[in-house]
Amino acid sequence: MRVSKNHPVVSAAAKRPAEILMLEDSATDAELAHRALQRGRIGNPLKVISSGEQALDYLLGTGEFAKRGPARPLLILLDLQLPGMSGLDFLRKIKSDERTWSIPVVSLSMTTSAPAIVMCLRLGVAEHMIKPIDAAALGRVATKLKLNLSKRAATVAAAEVKSANNSVKAGR
């Protein structure tokens, strides 16, 4: 953290944490996932996209996302039952592309169908979770994958900035 009389406080924690990309066509399931992340105090922004085609454009910076460029989410939460391109087809595409193969993926479904889960694992998912998402389970997955989920990122950053600004004011 840098404190200067002429410059604002700069905190590494104040930078926006890496996002989690969720492929989910159900607004209800997406909202439940968002609430689970909030309950788990996971501060990473959740970007929800409802189709595999749009998610590929998002990741590769093509189509409607061409002006923004490629995205590099911290984690992909992938519903297997997507309309159009299935979750398995999306997974096959990103795991065979050198630009996206290393992004960790957690597959999601409402079923415990062994063949689907085995196929996901063969295609390279890091973990499979049954919906709705549980924040504690996601935290365990993040620990297993050594992901740096941002716990209370916004609250901590705001507190640091306020404290540093108060220190600067007290020093004047």
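The rules behind these values
- Residues numbered from 1 in each chain as written.
- Predicted model: local features only at pLDDT ≥ 70, side-chain atom pairs only at ≥ 80, totals over all residues.
- Heavy atoms only, no water.
- Helix = DSSP H or I, 4+ residues; strand = E, 2+ residues; numbered from the N terminus.
- Buried < 20%, exposed > 50% of the residue type's maximum accessible area, 1.4 Å probe, protein only.
- Areas by Shrake-Rupley, 256 points an atom, 1.4 Å probe, with all protein chains shown as cover.
- Pairing = 2+ DSSP bridges.
- Axes fitted to C-alpha atoms, helices over the stretch in contact; angles between N-to-C directions.
- Phe/Tyr/Trp six-rings, centres within 6.5 Å; stacked < 30°, edge-to-face > 60°.
- Lys NZ or Arg CZ within 6 Å of the ring centre and 35° of its normal.
- Parallel < 35°, antiparallel > 145°, perpendicular 65-115°, else oblique.
- Left-handed = near helix turned anticlockwise from the far one by under 90°.
- Contact = heavy atoms within 4.5 Å.
- Right-handed = clockwise from strand over helix to strand, strands pointing away.
- Core = buried A, V, L, I, M, F, W, Y, C linked by side-chain atoms within 4.5 Å.
- pLDDT = per-residue confidence, 0-100.

Asks: I'd love a proper account of the overall build of the protein, names of residues and values included.
Replies: Helix and strand counts for the protein come out as six helices and five strands. Mapped in sequence order, the helices and strands of the protein form the string β-α-β-α-β-α-β-α-β-α-α. Buried residues in the protein amount to 41% of all 172 residues. Split by element, the accessible area of the protein, about 9700 Å² in all, is 53% carbon and sulfur.

Asks: Before we move on, could you go through unusual backbone geometry and cite the residues and values that matter?
Replies: In this model, K131 is joined to P132 through a cis peptide bond whose omega is 0 degrees. By secondary structure assignment, the location of P132 is in the loop between β5 (127-130) and α5 (135-145).

Asks: Tell me what's going on with the sheet that holds strand β3 (residues 75-79), and back it up with residues and numbers.
Replies: The five strands lie next to each other as β2-β1-β3-β4-β5, forming an open sheet whose pairing is parallel. Looking at which strands have only one partner, the edges of the open sheet turn out to be β2 (46-49) and β5. In this sheet, adjacent strand axes meet at a mean angle of 20 degrees when their direction is disregarded. One ladder, built from four bridges, connects strand β1 (residues 20-23) with β3; its direction is parallel.

Asks: I'd like a description of the packing of aromatic side chains, backed by residues and values.
Replies: Two aromatic rings are characterised by how far apart their centres lie and by the angle between their planes. What the rule picks out here adds up to one aromatic pair. Between R68 and the ring centre of Y58, over which it is positioned, the NZ or CZ distance is 4.4 Å.

Asks: Describe the packing of helix α3 (residues 87-95) against helix α4 (residues 114-123), listing the residues and the values that go with them.
Replies: A pair of packed helices is characterised by two quantities: the angle between their axes and the separation of those axes. Running from amino to carboxyl end, α3 crosses α4 at an angle of 15 degrees, the nearest separation of the two axes being 10 Å. If you check the angle between α3 and α4, you find them roughly parallel. The element α3 and its partner α4 pack so that their crossing is left-handed. Residue-level contacts link L88, L91, R92 and K95 of α3 to M119, C120 and L123 of α4.

Asks: So, the pairing of β2: which residues are in play, and what are the values?
Replies: For β1 and β2, the ladder comprises four bridges, and the chain directions are parallel. Along β2, the bridge assignment pairs L23 with I49. With helix α1 (residues 27-39) bridging β1 and the parallel β2, this β-α-β connection has right-handed handedness.

Asks: Report on the nonpolar core, specifying residues and quantitative values.
Replies: Of all hydrophobic cores here, the largest spans 21 residues; its most connected members are L23, I76, L78 and F90. Looking at this core, the elements that each hand over two or more residues are β1, α2 (52-60), β3 and α3. When residues of this core are assigned to their parent elements, the largest contribution, four residues, is made by α2. The residues contacting L78, other than those within four sequence positions of it, are L23, G87, F90, L91, V105, V106, S107 and L108. With 20 residues, the next largest nonpolar core counts L37, V106, L147 and L149 among its residues.

Asks: Explain the confidence of the model for the protein residue by residue, including any values.
Replies: For the protein, per-residue confidence averages 80 on the pLDDT scale, and residues scoring 70 or more make up 77% of the total. Mean pLDDT values over the elements of the protein span from 45, in helix α6 (residues 153-171), up to 97, in α2. Counting interchain partners and residues more than four positions distant, the pLDDT-below-50 stretch residues 1-14 has 19 contacts. The low-confidence segment residues 152-168 (pLDDT under 50) makes 16 contacts with residues lying over four places distant or belonging to another chain.

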